[in-house]
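Structural features, examined
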Amino acid sequence: AAKYSELEAEKTSIEAELQDRIESHNAEVESMRENLTNIETKLADAESQSVALKAEMERHIDGLKTELDASHAKSIDLESSLAAEREASAAKYSELETEKTSLKAELQDRIKSLQLDVDTSRDNLTQMETILANAESQSAALKAEME
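Residues numbered from 1 in each chain as written. Predicted model: local features only at pLDDT ≥ 70, side-chain atom pairs only at ≥ 80, totals over all residues. Heavy atoms only, no water.

On a plain count of helices and strands, the chain comes out with one helix and zero strands. Its C-alpha radius of gyration of 61 Å places the chain more than 25% over the 15 Å reference for a compact globule of 147 residues. Projected onto its principal axes, the C-alpha positions of the chain cover 205 × 25 × 15 Å. Counting only residues that meet the buried cut, the chain has 0% of its 147 residues in that class. Accessible surface for the chain amounts to roughly 13400 Å². Of this, 58% is attributable to carbon and sulfur atoms. The average position of the 17 basic charges and that of the 34 acidic charges among the side chains of the chain differ by 3 Å. (Helix = DSSP H or I, 4+ residues; strand = E, 2+ residues; numbered from the N terminus. Rg over C-alpha atoms; globule rule 2.2 N^0.38 Å. Buried < 20%, exposed > 50% of the residue type's maximum accessible area, 1.4 Å probe, protein only. Areas by Shrake-Rupley, 256 points an atom, 1.4 Å probe, with all protein chains shown as cover. Lys, Arg positive; Asp, Glu negative; His and termini not counted. Charge placed at Lys NZ, Arg CZ, Asp CG, Glu CD.)

A surface patch of nonpolar side chains, about 260 Å² in accessible area, is lined by I14, L18 and I22. By the secondary structure assignment, I14 is in helix α1 (residues 2–146). (Patch = residues over 30% accessible without salt bridge, like charges linked within 9 Å, V, L, I, M, F, W, Y side chains within 5 Å. Salt bridge = Lys/Arg side-chain N within 4 Å of Asp/Glu carboxyl O.)

When charged atoms on two side chains of opposite charge get close, those side chains can pair. In the structure shown here, the tally under the stated rule is five salt bridges. Residues K92 and E95 are paired through a salt bridge, measuring 3.8 Å at the closest nitrogen-oxygen approach. Of this pair, K92 and E95 both sit in helix α1, three residues apart, roughly one helical turn. Judged by its relative accessible area of 43%, K92 falls in the partly exposed class. Here K100 ties to E97 by a salt bridge, and the two come within 3.8 Å at their closest N and O atoms. Taken together, the positions of K100 and E97, both in helix α1 and three residues apart, correspond to about one turn of that helix. Classification of K100 as partly exposed rests on a relative accessible area of 49%.

Assignment of secondary structure puts Q49 in helix α1. Note on Q49: relative accessible area 57%, which makes it exposed. Spatially, the C-alpha atom of Q49 lies 128 Å from that of Q138, the residues being 89 residues apart in sequence.

A few words now on the environment of D123. Along the chain, D123 falls in helix α1. Given the relative accessible area of 49%, D123 is considered partly exposed. A C-alpha to C-alpha distance of 140 Å links D123 and N26, two positions 97 residues apart in sequence.

Right, dumping it as structure tokens:
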């Protein structure tokens, strides 16, 4: 009977220890479930933030692409304008060079013409001086004869 009592006490002690272990394991399992729920909530939040961030990044990338396309189009327009202005400037320069050459030729012709006029006027003056000298000489001779 003492042995039975001792075994009964040991059985009760083992059952109590097992019950404590079961309760401890149940508490750990419950804690793990709470941790898992927290992790799942955090994961859902992170996924939500990731989706929002991805959408924001896509909008930003689309904006940058639009800005890049606009800059590229503006660059092409500026290059075209510059090429057109360059061609217009070259044409204007050519036109001015032609006009300069023409004016230079006209001035040279005018100088030659004026030089001819000066030479002709000088010849005429010389002739007039000769005629005048002859007339004065004839006048003096006539005056001398009349006296």
